[in-house]
Amino acid sequence: MADRGTANTMSSTGEASPSMARVLVAGLPDDVVSFLEKRLASSRVQLVVGVEDVLRHLVDGESSLLVVDHQFAASTTPNLISRIRSQVGLKHLPIVCTLDRDLADDLPRHLVRDLGVNQIMFHPVDREELARRVAAALGVALLPARAVDSQVKQQATTTLKALWSKFKDANLSRVAVLEEVVLAVLEGTLDLDTRRKGQREAHKLAGAVGTFGFTRGSAIGREIEQTLQSETVLGPADALRLSQLVVELRTELERPVDLPDQGEATSIVAATLFLVIDADRNVAEQLVLAATSQGMRAEMALSLAAAREIVSRTRPVVVLLDSSFLDPTEDRQAFLMEMSESTPPIPVVVLTARDNFADRVEVARLGGRGFVLKSLPPSDIIEAVLQIMNQFQTADSKVLAVDDDPHVLASMGALLEPHGLRLTPLSDPLRFWETLKEVSPDLLVLDVDMPYLSGIELCRIVRNDPRWSGMPILFLTAATDRVTIGRIFAAGADDYVTKPVIGPELVTRITNRLERVRLHRTMAETDFVTGVATSRKARQVVDHFLLLANRQDQPLCLAVLDLDDFKSINDCHGHGAGDAVLRRLGALLRREFRGSDLVARWGGEEFILAMYGVTKHDGVRRVAEALDCLRQQKFTSADGGAFSVTFSAGVAQFPSDGTDFFALFRAADQTLYQAKGAGRNRVLPTGWHPDSDQDWPIADVVVVDDDDVLAGLLLHALESRGYRTRWLKDGEEAVSLLGGENPKLHGKVVLLDVDLPGLNGMAVLQRLSQGGIVRHTRVIMLTARSGESEVVRALEMGAFDHVAKPFSVPVLLQRVRRAIDL
């Protein structure tokens, strides 16, 4: 195979540069090789396809390092490395080996101790970490992460979406197998073969769907697999949990693919690498354990020398430095200077046993970004560091720059991107407003003098809109006279930089402004009591969702919910209990809804939810499931008494119920008040109306069952999800109302119990079938543990489906929804 990156390895004379490091890669995918060649400075990366090719290239003496995957030569990988080490001049060749986690425990030890492998990495390989380790071994610099070709990421995302379109039906078929397993558990007919088949399908789902962005789907598949793996007999509690998981799994896999940018962290916690520097090993270990328990990567160093070694191979996001290292030494000063001069700078938080002004002055003088007391519990120290990081986290911030000079825009991109700032350049000020709404930037850079519209006019436009009034605006100007600067600040600017732009000054001013805004925004965008978004943040997010939904022709669901009788909670149980309810509801909603969904407190006891890519019916189901969870919560008043809480909600959908935020909100809010009027404690879709508005009685679901408890449970579950219901207690009444040429009651779905007074369920089904009712009404039989012949007979008479008692309500609701939708 031809060398990769050849254009980057040639000197002006057309010959390869003798100082160029050469990396051989064997057994890893093409995209990893492409990533390495873009991240490694002064290096050429070459992919080799055979064992003999590896040996030939290495013997030639031109290679500086080998990266080899265990699967490259299967079981002969140790033999390959042994052959390499036997060659003169290759005994100390740096080798990085990537392995599967489930290989023999002694293999990594054998590779490192006996064969001299320098680095071991396990799959899935972190490409950024691999690049860092290779760069450290070669002694070369890493190019800025933002220099990695974005087309590689986009291509990966596009490829994954295309593959999901191809494999979606196959994975949903696996879910259907799990649904059969759940029914078998509920009916008590689960045999060993069915259980093993379900376990295999759950295992496949757990390993596959996460690749396509369905992280929650993988977790659900893994939990189902573990449940079916156990050898214990599955009881009613297991059956209920399995049915809930399978319903959630199908919902998860039927939503649109929502892949994050490939190779980019999705949250500050996921990307965080804590470096703890403390001479006290016990303290350092406790802090590392506390960070790890919160899902963050962390390492410790007992000296500055050890800290430098860690920084050289894996860049930390934050350094937690014990104050004992602040003794006035040149080494300490050099270390802090290295951290502050990194690109971007690595923030250092000082851990101290004292809290006095002199220490704080010393920390600030040395460039420290925070000050945390060592007396706090380890978990509180980690939480304090996270809060400090949120203040200074500017990576991935979005900057919109408007300038009619494309060269200025290009130079700004080169200056900002190495610092993790994503720049959107715009040379046409006439496209400013649409670009502003599309990008939703964190900071705006404007040129003063432009054709058609000046930067000062654009600044006034932004400041006149409440959505953008708090966004920082920085001007570029060649004129620094008093009049021009006065006009800039009068228009609402926060700062200005003179042209020609000096790189460090521009970067410093932008990052400083973003740090201040981030702190204020965190306070302004997060509701203090509930921990969810504020109404201001909600407007911004929903507007962004609407833009995407319109462009991508996707549904958007907006729900408005309100706690029932909240005033009486405050009056009867105290305002402390009311705040506890709000906090608990906020935590519940954050847990029950996806990270990509919006959960916000609109005001008082009212909340809004926005779900991108979700239809109204799915939205009702998801909000109703949250209501089910809230009903089970128990609260305690100031006097020790217990009470429970419910809410009512209305759900609207874009574009059928409105094309902008306020139209959708009004539609959902009006439906919310319908839910209040219908008895509270329920979730209704827009368009819901009581039966009295009809010329003849129509119901979504008719329940025919003489069991008061079971019927009450079903009716409540159906009504809280917005279905119109009727309840009939005996077979004669069912035939009288549902049968005949002119039925007095029409139901889209009939839940028909087999054991009824008057006429039994099978006789009712036979009469409905003879009258042709089953052609437009879907009958779901509720059977006891009946034999196969009875089920077959019911299906032959026109029953749409059957569910055996005892059944899971979520599973039955899923069957009802399928019957209505078909």
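Residues numbered from 1 in each chain as written. Predicted model: local features only at pLDDT ≥ 70, side-chain atom pairs only at ≥ 80, totals over all residues. Heavy atoms only, no water.

## Topic: the overall build of the protein chain
Phase 1: When helices and strands are counted, the protein chain shows 30 helices and 27 strands.
Phase 2: Every one of the 822 residues in the protein chain was classed for burial, and the buried ones make up 48%.
Phase 3: Across the protein chain, the fraction of contacts at a sequence separation of at least 24, relative to all contacts at a separation of at least 6, is 67%.
Phase 4: Roughly 38600 Å² of accessible area belongs to the protein chain as shown, and the carbon and sulfur atoms make up 51% of that amount. (Helix = DSSP H or I, 4+ residues; strand = E, 2+ residues; numbered from the N terminus. Buried < 20%, exposed > 50% of the residue type's maximum accessible area, 1.4 Å probe, protein only. Contact = heavy atoms within 4.5 Å. Areas by Shrake-Rupley, 256 points an atom, 1.4 Å probe, with all protein chains shown as cover.)

## Remarks on the packing of aromatic side chains
Phase 1: Counting across every chain of the model gives seven aromatic pairs.
Phase 2: Ring centres 5.1 Å apart and planes at 40° place the aromatic pair Trp602 and Phe665 in the tilted group. Linking Trp602 in strand β17 (residues 598–603) with Phe665 in helix α25 (residues 661–677), this pair joins segments that are 63 residues apart in sequence.
Phase 3: On the basis of relative accessibility, which here comes to 24%, the residue Trp602 falls in the partly exposed class.
Phase 4: Here Phe665 falls in the buried class, since its relative accessible area comes to 11%.
Phase 5: Ring geometry for Phe635 versus Phe643: centroids 5.7 Å apart, planes at 25°, classification stacked.
Phase 6: The exposure class of Phe635 is buried, given its relative accessible area of 2%. (Phe/Tyr/Trp six-rings, centres within 6.5 Å; stacked < 30°, edge-to-face > 60°.)

## Topic: the sheet that holds strand β4 (residues 95–99)
The pairing of strands in a sheet happens through backbone hydrogen bonds and is either parallel or antiparallel.
Phase 1: Pairing in this open sheet of five strands is parallel, and the strands run β2-β1-β3-β4-β5 from one edge to the other. Looking at the sheet topology across the chains shown, the edges are occupied by β2 (43–48) and β5 (119–122). Strand-to-strand twist of the sheet, defined as the mean angle between neighbouring strand axes without regard to direction, takes the value 20°.
Phase 2: In this structure, strand β1 (residues 21–26) lies alongside β2, joined through six bridges in parallel fashion. Bridging across to β2, Ala21 finds its partner in Ser43.
Phase 3: Those strands touched by helix α1 (residues 30–39) are β1 and β2, and its axis lies near 170° from that of β2.
Phase 4: On top of the sheet, helix α3 (residues 77–85) reaches β3 (65–69) and β4; it is set at about 175° to β4, its chief contact. (Pairing = 2+ DSSP bridges. Axes fitted to C-alpha atoms, helices over the stretch in contact; angles between N-to-C directions.)

## Re the sheet that holds strand β8 (residues 318–322)
Phase 1: Read across the sheet, five strands follow the order β7-β6-β8-β9-β10 without closing on themselves; strand pairing throughout is parallel. Two strands bound the open sheet, and with one partner strand each, they are β7 (297–301) and β10 (370–373). Geometrically, the sheet is characterised by an average inter-axis angle of 20° between neighbouring strands, direction not taken into account.
Phase 2: Direction of pairing for β8 relative to strand β9 (residues 348–352): parallel, over a ladder of four bridges.

## What about the nonpolar core?
Phase 1: Among the nonpolar cores identified, the biggest contains 32 residues, and Leu563, Leu589, Leu609, Val623, Phe647 and Val683 are the most heavily contacted of them.
Phase 2: Within the residue set of this core, elements represented by two or more residues are β16 (556–563), α22 (566–573), α23 (575–592), β18 (606–612), α24 (616–631) and β21 (647–654).
Phase 3: Residues contacting Leu609, with those up to four places away along its chain left out, are Cys557, Leu558, Ala559, Leu561, Leu589, Phe593, Leu598, Val599 and Val623.
Phase 4: Within the second largest apolar cluster, 24 residues are counted, among which are Leu756, Leu759, Ile773 and Met797. (Core = buried A, V, L, I, M, F, W, Y, C linked by side-chain atoms within 4.5 Å.)

## Here we look at the side chain of Asp597
Phase 1: Along the chain, Asp597 turns up in the loop between α23 and β17.
Phase 2: Within the structure, Asp597 has its side chain in polar contact with the side chain of Arg622 (distance 2.6 Å).
Phase 3: What Asp597 contacts, discounting residues up to four positions off in sequence, is Ala610, Met611, Tyr612 and Arg622. (Polar contact = N/O pair within 3.5 Å; in protein donor to acceptor, adjacent residues only side chain to side chain.)

## Some thoughts on the packing of helix α26 (residues 708–719) against helix α30 (residues 809–821)
Phase 1: Between α26 and α30, whose axes approach to 11 Å, the crossing angle comes to 60°. As judged from the angle between their axes, α26 and α30 are oblique. Relative to α30, the crossing made by α26 is right-handed. Contact with α26, carried on its side by Leu713, Leu714, Ala717 and Leu718, involves Val809, Leu812, Leu813 and Val816 of α30 and no other residues of that element.
Phase 2: A breakdown of the residues in the contact of α26 with α30 according to their chemical character gives eight nonpolar, no polar and no charged. (Parallel < 35°, antiparallel > 145°, perpendicular 65-115°, else oblique. Left-handed = near helix turned anticlockwise from the far one by under 90°. Nonpolar A, V, L, I, M, F, W, Y, C, P; charged D, E, K, R; others polar.)

## Description of the packing of helix α8 (residues 215–229) against helix α9 (residues 236–254)
Phase 1: Relative orientation of the contacting elements α8 and α9 amounts to 150°, with a least axis distance of 9 Å. By the angle between their directions, the pair α8 and α9 is classed as roughly antiparallel. Every pair of crossing elements has a handedness; the one defined by α8 and α9 is left-handed. In this structure, α8 uses Thr215, Arg216, Gly217, Ile220, Glu223, Ile224, Thr227 and Leu228 to contact α9, whose residues at the interface are Arg241, Leu242, Leu245, Val246, Glu248, Leu249 and Glu252.

## Points about the environment of Gly89
Phase 1: Position of Gly89 among the secondary structure elements: in the loop between α3 and β4.
Phase 2: Taking the relative accessible area as the measure of exposure, Gly89 reaches 70% and is therefore exposed.
Phase 3: Distance in space between the C-alpha atoms of Gly89 and Leu58 is 9.4 Å, their sequence separation being 31 residues.

## Thoughts on α23
Phase 1: Taking 1.5 Å as the rise per residue, α23 with 18 residues should run 26 Å; its terminal C-alpha atoms sit 26 Å apart, in good agreement.
Phase 2: Residues Ala577, Gly578, Val581, Leu582, Leu585, Gly586, Leu588 and Leu589 constitute the buried set of α23. (Expected span 1.5 Å × (residues − 1).)

## Let's talk about the pattern of salt bridges
It is possible for side chains of opposite charge to pair when their charged atoms get near one another.
Phase 1: The tally for this structure, following the rule as stated, stands at 33 salt bridges.
Phase 2: Here Glu179 ties to Arg250 by a salt bridge, and the two come within 2.8 Å at their closest N and O atoms. Of the two residues, Glu179 is situated in helix α6 (residues 150–187) and Arg250 in helix α9; the sequence distance between them amounts to 71 residues. Of the two residues examined, Glu179 and Arg250, each falls in the buried class.
Phase 3: Of the charged contacts in the structure, one is a salt bridge between Asp495 and Arg509, with a shortest N-O distance of 2.8 Å. You can see Asp495 sitting in strand β15 (residues 495–498) and its partner Arg509 sitting in helix α20 (residues 503–525), a full 14 residues away along the chain.
Phase 4: Taking the relative accessible area as the measure of exposure, Asp495 reaches 14% and is therefore buried. (Salt bridge = Lys/Arg side-chain N within 4 Å of Asp/Glu carboxyl O.)

## Some words on unusual backbone geometry
Phase 1: Note the cis peptide between Phe654 and Pro655, where omega equals 0°.
Phase 2: Relative to the helices and strands, Pro655 resides in the loop between β21 and α25.
Phase 3: At Tyr452, a position not held by glycine, the phi torsion is positive, near 75°.
Phase 4: Examined against the element boundaries, Tyr452 turns out to sit in the loop between β13 (443–447) and α18 (455–463).
Phase 5: Look at Tyr452 and you get exposed, because its relative accessible area is 67%.

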